[in-house]
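# Summary of the model geometry
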Amino acid sequence: MRIKTNVLRFGVAAMALGLTVLGVALGQHQEVFQKAVRICLECIGIG
């Protein structure tokens with residue numbers, strides 16, 4: 001049971017890391033940052 005849990009944890013961590021690397025490689029981090037800035041500016045009433 002403990003081995004299955006460790007394998008599952010490692011698998012999920014590896015998938016998360018892989019998808020993060022893929023997103024950065026495709027430039028998606030810039031899009032997310034731009035959306036976050038727009039939302040922030042709208043919340044304080046500037047945008």
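It should be emphasised that the depicted structure is a prediction, and the values quoted were computed from it without experimental measurement.

Criteria and thresholds
- Residues numbered from 1 in each chain as written.
- Predicted model: local features only at pLDDT ≥ 70, side-chain atom pairs only at ≥ 80, totals over all residues.
- Heavy atoms only, no water.
- Helix = DSSP H or I, 4+ residues; strand = E, 2+ residues; numbered from the N terminus.
- Buried < 20%, exposed > 50% of the residue type's maximum accessible area, 1.4 Å probe, protein only.
- Areas by Shrake-Rupley, 256 points an atom, 1.4 Å probe, with all protein chains shown as cover.
- Expected span 1.5 Å × (residues − 1).
- Contact = heavy atoms within 4.5 Å.
- Patch = residues over 30% accessible without salt bridge, like charges linked within 9 Å, V, L, I, M, F, W, Y side chains within 5 Å.
- Salt bridge = Lys/Arg side-chain N within 4 Å of Asp/Glu carboxyl O.

### Considering the overall build of the chain
- Counting its secondary structure elements, the chain contains two helices and zero strands.
- Taking the principal axes of its C-alpha atoms as reference, the chain extends roughly 55 × 25 × 5 Å.
- Burial statistics for the chain: of 47 residues in total, 2% are counted as buried.
- As displayed, the chain offers around 4,500 Å² of accessible surface, 71% of which is attributable to carbon and sulfur atoms.

### Let's talk about helix α1 (residues 2–25)
- Taking 1.5 Å of rise per residue, the 24 residues of α1 would be expected to cover 34 Å, and the 34 Å separating its terminal C-alpha atoms lies within 8% of that figure.
- Phi for G27, located one or two positions after α1, is positive at around 80°.

### Focus on the environment of H29
- Within the secondary structure layout, H29 lies in helix α2 (residues 28–43).
- Spatially, the C-alpha atom of H29 lies 16 Å from that of C40, the residues being 11 residues apart in sequence.
- Those residues in contact with H29 that lie beyond four places of it in its chain are G23 and V24.

### Notes on the environment of F10
- Structurally, F10 is set in helix α1.
- Distance from F10 to L41, taken between C-alpha atoms, is 38 Å for residues 31 residues apart in sequence.

### Brief notes about α2
- If you check α2, its first and last C-alpha atoms are 23 Å apart, about what 16 residues at 1.5 Å a residue would give, namely 22 Å.
- Once α2 ends, the next one or two residues include G45, with phi positive near 85°.

### As for a nonpolar patch on the surface
- Together, F33, V37, L41, I44 and I46 give the surface a local cluster of nonpolar side chains, amounting to about 500 Å² of exposed area.
- Note that L41 resides in helix α2.

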